[in-house]
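Here are the chains, one letter per residue:
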Amino acid sequence: MSSDTKTEFAQLVAGAAAGDRAQMEQLLMRAQEVAYRFSLLVCGHCEDAEDVMQDALLKTYQHVAAIDDPGAFRTWLYATVRNACLMKRRRRAGEPSEFVAVDAVAIADGRPTIDQRESDAWMDARLRAALATLPPRMRMIVVMREMEGLSTKDVAEVTGLSEANVKQRLHRARLTLRRRLEVPLPDAVRARAQSSVHRLLDEAQKHQE
């Protein structure tokens, strides 16, 4: 994570915690991209990823004032998403221990859902195939370190591994993944997330009046 990005998030968190609606809205809009991108790769199911993103936005809104270190916001967000994905995984009957590629998820009649087709188009096929070869925890390390730019120390904190172990797994993963992960949020998912953000803020304003 670049120092500029970390500073920007810290400023948004501080402003949102102080009750600035515009700062809160901007923070949630930024958080939705981070949360969805990470949850899609960690959860492995399109529907779960969007549910987790929405939950992460709600938790951000509810707990932003309790974040002691605004500069550590993204570490907190990743941990929130990771825990939610793990809960989703445990609740799924017959969930495989390894990552299920996005294009392997389909509804009962064998046709992909609308969200799945959007995500299939959104994520490069070669990238999905490469990610599918990684164990779940190694995949998380790659996304956080290579795509989102967290420090080795922050990744170790989120995963519960030692820094040396993080470095070792990252080195092995780099042999498989050759391209950085940097992708935009799908338009349809973005629209639903923005609607949720505005609804949250509008409801909060009504309670204040």
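What this report covers is the structure whose coordinates are included nearby. (Residues numbered from 1 in each chain as written. Predicted model: local features only at pLDDT ≥ 70, side-chain atom pairs only at ≥ 80, totals over all residues. Heavy atoms only, no water.)

With that out of the way, let us pick up the packing of helix H2 (residues 21-43) against helix H7 (residues 136-147). Close contact between H2 and H7 brings their axes to 9 Å; oriented N to C, the two are set at 155°. Judged by the angle between their axes, H2 and H7 are roughly antiparallel. The chirality of how H2 crosses H7 is right-handed. Where H2 approaches H7, its residues Arg-37, Phe-38, Leu-41 and Val-42 are matched on the opposing element by Arg-139, Met-140, Val-143, Met-144 and Met-147. (Axes fitted to C-alpha atoms, helices over the stretch in contact; angles between N-to-C directions. Helix = DSSP H or I, 4+ residues; strand = E, 2+ residues; numbered from the N terminus. Parallel < 35°, antiparallel > 145°, perpendicular 65-115°, else oblique. Left-handed = near helix turned anticlockwise from the far one by under 90°. Contact = heavy atoms within 4.5 Å.)

Right, let's talk about the pattern of salt bridges for a bit. Using the criterion set out here, one finds three salt bridges in the structure. Residues Arg-30 and Glu-8 are paired through a salt bridge, measuring 2.6 Å at the closest nitrogen-oxygen approach. Taken together, the residues span a long stretch of sequence, with Arg-30 in helix H2 and Glu-8 in helix H1 (residues 3-17) at a distance of 22 residues. The class for Arg-30 is partly exposed, based on a relative accessible area of 28%. The salt bridge partner of Glu-50 is Arg-192, with a shortest N-O separation of 2.6 Å. In this pair, Glu-50 is assigned in helix H3 (residues 46-63) and Arg-192 in helix H10 (residues 187-208), connecting sequence segments 142 residues apart. Residue Glu-50 is classed as buried on the basis of its relative accessible area of 8%. In this structure Arg-192 comes out as partly exposed when scored by relative accessible area, which is 33%. (Salt bridge = Lys/Arg side-chain N within 4 Å of Asp/Glu carboxyl O. Buried < 20%, exposed > 50% of the residue type's maximum accessible area, 1.4 Å probe, protein only.)

So far we have only geometry, and geometry alone does not tell us how the molecule works.
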